[in-house]
Amino acid sequence: MNKFIVSARKYRPQLFSTVVGQSHITTTLKNAIRNHQLAHAFLFFGPRGVGKTTCARILAKAINCDNPAPDGEACNECHSCISFNEGSSLNMHELDAASNNSVDDIRSLVDQVRFAPPPGKYKVYIIDEVHMLSTSAFNAFLKTLEEPPPYAIFILATTEKHKILPTILSRCQVFDFKRISNLDIMDHLLEICDKEKITAEKSAIEMIAQKSEGCMRDALSIMDKMVSFSDGKLTYSDALEHLNILDAGYYFKLLVYIRDQNLSDALLIYDEINRKGFEGDLLLNGFAEFIRNLLICKDEKAAVLLEVVEDYKEKYFEEAKEVDLAYLISALNILCESEIQFKSARNKRLHVELTLIKLAYLNQAIHLTNGLAENKKGIEMVKPVSYRLIAPLEIKEKNKEVSAPATREVSEQLSVEPESHPKLIIKEPKAIPGASTSFGALSKIRQEVVNRKTAGGMAELKFLEIKPLQEVWNHFTSELKKNNNSAAQSFEGAELRILDPQRFEILTNNSLEQRFIESEKRKLADLVLEHFNNKNLSFSVSVRENANTHIHLEKTLSKREQFNQIVDSYPLVKELKDKLKLELDY
């Protein structure tokens, strides 16, 4: 039984020409080898599984090859190339910085650099996951990296360039590896299938390439797993099952049910998906991607961004013609928000069903919004009716001293007798749709304002008097007590003083009471204005000035002054002090 080797190792590229999807880097390295313009330090940066370590090994082999090709490739036949392929070369040292990230590990590496390579030209040190080195290790490596021996070349590989010190980056030639395109991955997988005699459907290979997200190592691992399950046959259904991907056919059905507002069938198809073991967030994410693909298909220029299985492309374009652009954008917004809120929802199933209900009635919401917008535009476009100015008729009065009723009678007679004066005819403007309602509303508002002014004018205007003012003050204080307001005590101790008929003053004992009263100033003002029906009333809060309230503090006596007071009252104390020769402790 032969030992199985995974495809990622078995088909690892051995030459620059076999590296997939990184031609901009392989061409640069081959030219540098051919022109003898090799740097002493390289930094390979990019996502996982795109060929960073592979290119580092190929570069180490090419620069130590005994018979290099004219284009800079290794011959793969000399003793040095064979030892590199077998992994037994002494001129290449690989260090995993994730597990050897201390200062001691870097010091041992620096010690090895001192020794020249006995059989080859260059000694290559490949440090993988270099961003895992500690700051102390980076600093210990700086001097050697800046001025290494002429035979030493360092190749650093990482997926997180931002974690590397700028002093390290400035000493290296940086090469950015890009994600491998789906077409390149598909071609490489089909080539391996031909070599391994594996029957594979193109749709299954496309699905694997999309799931790998530009990582060749992931694509090869997925293919190995599927080949083991299907016994050498790759089908589209097996790919969907193993990759835990929902078939796009479900999304097409779901869109039809939602668009027709067939809510029951939409919920039933979600139940079927749920029974197959697909979580709600997977459905939301997949349906959002489906809506995004339809949105792309609406524009021919953006259609190149469509990355779906070839069998479904025509169906996507046909379905995109049947759906409005506004619906797709709104649905995509709802699905994205729902996916974000999915983790915090307690009832996951209800959360997804509510999203489907929103999508089912989304068309009605859009039409309603458009209708309101059109109505708003119609109202804004209504213009005021233009009236023609008519010159007033001159009426000759027989007697200038005519009373008002007589004048009214004359005007009535003028309108009744057509022969004596010409009749004045004014045509009313034609009604405009929607305008009568607004005109009526305006007249009602005007009438209400007039009524309020009339009612305000009928009320009696009162000026300040101490008795009613004190009643209002007591009432307000009692309300504060009922509400357990801490300002009530300050109101009880305050004094009112009328300065003039429209202004009064509140006197408090101290600044603290003044603050408490000012905190309730607005409510008090509303109550006073309402009681006196006088908007011109005003008041101020100030602290009462009283000279008798000043507290006289006693002066603190010193020890000598205290002793003198005692001596004045008891003279024998001084004699006792002198006889005993005592001294005062000041």
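Everything below is about the structure shown above.
Residue numbers restart at each chain and count upward from 1, following the sequence in its written direction. This being a predicted model, a pLDDT of at least 70 is required before a residue's local features are given, and a value of 80 or more before pairs of side-chain atoms are given or counted; all residues contribute to the totals for chains, interfaces and linings. Calculation of side-chain values draws on the structure's entire complement of heavy atoms; hydrogens and water are dropped beforehand.

Participant: Describe the overall build of the chain, with residues and values.
Facilitator: For the chain, the helix and strand inventory stands at 26 helices and 10 strands. Each residue gets one of three labels from its accessible area relative to the maximum for its type: buried under 20%, exposed over 50%, partly exposed in between, using a 1.4 Å probe on protein chains only. Classification of the 586 residues of the chain by burial places 35% in the buried group. In the chain, 73% of the contacts between residues at least 6 apart in sequence involve partners at least 24 apart. As presented, the chain carries roughly 38,400 Å² of accessible surface, and 53% of it is formed by carbon and sulfur atoms. Note on conventions: DSSP H or I runs of at least 4 residues are helices, E runs of at least 2 residues are strands, and numbering of each starts at the N terminus. In what follows, a contact means two residues having at least one pair of non-hydrogen atoms within 4.5 Å. All accessible-area figures derive from a Shrake-Rupley calculation using a 1.4 Å probe, and residue coverage is judged against the displayed protein chains alone.

Participant: Give me the lowdown on the pattern of salt bridges, citing residues and values where you can.
Facilitator: Note on definitions: salt bridges are taken to be side-chain nitrogens of Lys or Arg within 4 Å of carboxyl oxygens of Asp or Glu. Tallied over the full model, the rule gives 23 salt bridges. Two residues, Glu492 and Lys481, come together in a salt bridge whose shortest N-O distance is 2.0 Å. Of the two residues, Glu492 sits in helix 22 (residues 488-493) while Lys481 sits in helix 21 (residues 466-482), which places them 11 residues apart along the sequence. For Lys481, a relative accessible area of 46% corresponds to the partly exposed category. Here Asp578 ties to Lys574 by a salt bridge, and the two come within 3.4 Å at their closest N and O atoms. In this pair, Asp578 and Lys574 are both assigned in helix 26 (residues 572-579), four residues apart and thus about one turn of the helix distant.

Participant: Residues and numbers for the layout of surface pockets, please.
Facilitator: Approximately 700 Å³ is the volume found for the largest pocket. Around the largest pocket, the lining is made up of 25 residues, and of these Met207, Gln210, Ile245, Glu289 and Glu307 lie nearest the centre. Those elements that place two or more of their residues in the lining of the largest pocket are helix 9 (202-212), helix 11 (236-243), helix 12 (248-259) and helix 14 (280-297). Here the lining of the largest pocket takes seven residues from helix 14, the largest share from any one element. Each cavity reported here is a set of points on a 1 Å grid over the protein atoms alone in which a 1.4 Å probe fits but cannot get out, each pocket an open set with protein on both sides within 12 Å along at least five of seven lines, and each lining residue one with an atom within 4 Å of a point. Grid points are joined across faces, edges and corners, and a volume is the space filled by probe spheres set on the points. Looking at the second largest pocket, its volume works out to about 480 Å³. In terms of lining residues, the second largest pocket is bounded by 24 residues, among which Arg12, Gly49, Gly51, Thr54 and Arg217 are the most central. For the lining of the second largest pocket, the secondary structure elements donating two or more residues are helix 1 (7-10), helix 3 (52-63) and helix 10 (216-230). Residue contributions to the lining of the second largest pocket peak at four residues, all from helix 3.

Participant: Quick rundown of the nonpolar core? Include the residues and the values.
Facilitator: Among the buried residues, those of types Ala, Val, Leu, Ile, Met, Phe, Trp, Tyr and Cys that are joined through side-chain atoms within 4.5 Å form a nonpolar core. Counting residues in hydrophobic clusters, the biggest one holds 93 residues, and the most contacted among them are Phe44 and Tyr316. Ranked by residues supplied to this core, first place goes to helix 14 with eight residues. Excluding residues within four positions of it along the chain, Tyr316 makes contact with Ala248, Phe252, Phe290, Asn293, Leu294, Cys297, Leu306 and Val308. If you look at the next biggest cluster of nonpolar residues, it comprises 24 residues, including Ala41, Ala97, Leu133 and Leu156.

Participant: Lay out a nonpolar patch on the surface in plain terms, naming residues and giving numbers.
Facilitator: Exposure above 30% relative accessible area and no salt bridge define the residues that can form patches, which grow by joining like charges within 9 Å and nonpolar side chains of Val, Leu, Ile, Met, Phe, Trp and Tyr within 5 Å. Where nonpolar side chains cluster on the molecular surface, the patch consists of Phe4, Ile5 and Val6 and spans about 300 Å² of accessible area. The topology assignment puts Val6 in the segment before helix 1.

Participant: Give a detailed account of the sheet that holds strand 8 (residues 495-500), specifying residues and quantitative values.
Facilitator: The mixed open sheet is built from three strands, whose spatial order is 8-9-10. Every interior strand has two partners, whereas the edge strands, strand 8 and strand 10 (538-543), have only one. The mean angle between the axes of side-by-side strands here comes to 25°, regardless of whether they run parallel or antiparallel. The pairing of strand 8 with strand 9 (residues 503-508) spans five bridges and is classified as antiparallel. Considered in strand 9, the bridge of Arg497 is made with Glu505. Across the sheet, helix 21 touches strand 8 and strand 9, and the angle it forms with strand 8 is around 140°. Strand pairing is assigned whenever DSSP detects at least two bridges linking the two strands. Lines fitted to C-alpha atoms define the axes here, with helix axes fitted over just the stretch in contact, and angles between the N-to-C directions of these axes take values from 0 to 180 degrees.

Participant: Please provide a residue-by-residue account of the packing of helix 12 against helix 13 (residues 263-275), values included.
Facilitator: Between helix 12 and helix 13, the shortest axis-to-axis distance is 8 Å and the interhelical angle comes to 155°. Between helix 12 and helix 13, the angle falls in the class roughly antiparallel. For the crossing formed where helix 12 meets helix 13, the hand is left-handed. Residues Tyr250, Lys253, Leu254, Tyr257 and Ile258 of helix 12 pack against Asp265, Ala266, Ile269, Glu272 and Ile273 of helix 13. Residue composition of the contact of helix 12 with helix 13, by class: seven nonpolar, no polar and three charged. If an angle is under 35 degrees, it is roughly parallel; if it is over 145, roughly antiparallel; if it lies from 65 to 115, roughly perpendicular; otherwise it is oblique. Two helices crossing with the near one rotated counterclockwise from the far one by less than a right angle form a left-handed crossing, whereas a clockwise rotation gives a right-handed crossing. Classification used: nonpolar for Ala, Val, Leu, Ile, Met, Phe, Trp, Tyr, Cys and Pro, charged for Asp, Glu, Lys and Arg, polar for all others including Gly.

Participant: A description of unusual backbone geometry should follow, citing residues and the corresponding values.
Facilitator: In this structure, Asn76 is a non-glycine residue whose phi angle is positive, near 65°. The residue Asn76 is located in the loop between helix 3 and helix 4 (79-86) in this model. Located in the positive-phi region is Asn533, a residue other than glycine, with phi close to 55°. Structurally, Asn533 can be placed in the loop between helix 24 (521-532) and strand 10.

Participant: An account of the sheet that holds strand 5 (residues 173-176) is requested, with residue identities and associated values reported.
Facilitator: Strand order in the open sheet formed by five strands is 2-3-4-1-5, and the pairing between neighbours is parallel. The open sheet terminates on both sides in strands that have one partner only, identified here as strand 2 (92-96) and strand 5. Each strand of the sheet is rotated relative to its neighbour by a mean of 20°, with strand direction disregarded. The sheet contact formed by strand 2 and strand 3 (residues 123-128) spans five bridges and is parallel. Bridging from a neighbouring strand, Leu95 pairs with Ile127 of strand 3. Sheet contacts for helix 2 (residues 23-34): strand 1 (41-45) and strand 5; angle to strand 5, the most-contacted strand, approximately 150°. Helix 3 rests against strand 1, strand 2, strand 3 and strand 4 (152-158) of the sheet, and its axis sits at about 150° to strand 1.

So yeah, pure geometry; function would need other evidence.
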